[in-house]
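# Secondary and tertiary structure notes
Spelled out from the first residue to the last, the chains are:
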Amino acid sequence: QVQLVESGGGLVQAGGSLRLSCSASGSIFSIRAMGWYRQAPGKQRELVARITSGCSTEYGDPMKGRFTISRDNAKNTVYLQMNSLKPEYTAVYYCYADVITGIDYDVDSWGQGTQVPVSS
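Calculation criteria
Residues numbered from 1 in each chain as written. Predicted model: local features only at pLDDT ≥ 70, side-chain atom pairs only at ≥ 80, totals over all residues. Heavy atoms only, no water. Helix = DSSP H or I, 4+ residues; strand = E, 2+ residues; numbered from the N terminus. Buried < 20%, exposed > 50% of the residue type's maximum accessible area, 1.4 Å probe, protein only. Contact = heavy atoms within 4.5 Å. Phe/Tyr/Trp six-rings, centres within 6.5 Å; stacked < 30°, edge-to-face > 60°. Disulfide = S-S within 2.5 Å. Pairing = 2+ DSSP bridges. Axes fitted to C-alpha atoms, helices over the stretch in contact; angles between N-to-C directions.

### A short note on unusual backbone geometry
Unlike most non-glycine residues, Asn76 shows phi in positive territory, near 50°. Mapped onto the secondary structure, Asn76 falls in the loop between β7 (67-72) and β8 (77-82). Positive phi outside glycine occurs at Ser84, with the angle close to 50°. The residue Ser84 is located in the loop between β8 and β9 (91-102) in this model. Overall, the relative accessible area of 37% leaves Ser84 in the partly exposed class.

Take a look at the structure:
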């Protein structure tokens, strides 16, 4: 079993910055990738960013140039630095991890989500 704990969410004004953190723990053999998705009210969940253990990254198109994902492999922790926030970025942000729990076992794990309301 893998647990993901998110922190750093909260109200932020438009144009402001916020950093989210997510730490994984539990039965972890290795972690292929960690990242963030978001879900705005009435919208589908979408990719924000993800990063592999080899530090290759992928961003959703609206996030490019504004958000930066990073990872501390030793701590099984992923970070999301969010700059120049806009009200339309208001959403619940979910941490995820692609976890190898054993040889030939691959599990997707999700955090509970953290609220990021961006005020005008």
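### Thoughts on the environment of Gly26
Inspection of the secondary structure assignment puts Gly26 in strand β3 (residues 18-26). Judged by its relative accessible area of 48%, Gly26 is partly exposed. C-alpha of Gly26 to C-alpha of Val2: the two residues are 24 residues apart in sequence and 4.5 Å apart in space. Filtering out sequence-adjacent residues up to four positions away, Gly26 remains in contact with Gln1, Val2 and Gln3.

### Focus: the packing of aromatic side chains
Each aromatic ring pair is summarised here by two numbers: the centre-to-centre distance and the angle between the ring planes. With the rule as written, the count across this model stands at 4 aromatic pairs. Where Tyr37 meets Tyr96, the ring centres are 5.2 Å apart and the plane angle is 75°; that geometry is what we call edge-to-face. With Tyr37 in strand β4 (residues 30-39) and Tyr96 in strand β9, this pair connects stretches of sequence that are 59 residues apart. Each member of the pair, Tyr37 as well as Tyr96, is classed as buried. Chaining the aromatic ring pairs together yields one cluster made of Tyr37, Tyr96 and Trp110.

### With respect to the state of the cysteines
Summed over the entire model, instances satisfying the criterion amount to 1 disulfide. The disulfide partner of Cys22 is Cys95, and the gap between their sulfur atoms is 2.0 Å. Every disulfide takes its handedness from the sign of the S-S torsion; for Cys22 and Cys95 that torsion is -85°, giving left-handed. Separated by 73 residues along the polypeptide, Cys22 in strand β3 and Cys95 in strand β9 bring together distant segments of the chain. In this structure, Cys22 and Cys95 share a single accessibility class: buried. Cys55 takes part in no disulfide bond, and the closest cysteine sulfur, belonging to Cys95, lies 15 Å away. Classification of Cys55 by relative accessible area gives partly exposed; the value is 48%.

### Some points on the sheet that holds β7
What the 4 strands build is an open sheet, ordered β1-β3-β8-β7; its pairing is antiparallel. Of all strands in the sheet, those bounded by a partner on one side alone are β1 (2-7) and β7. Pairs of neighbouring strands in the sheet enclose a mean axial angle of 15°, with direction left out of account. Note that β3 and β8 share 6 bridges and pair antiparallel. The partner of Ser23 across the bridge, within β8, is Thr77.

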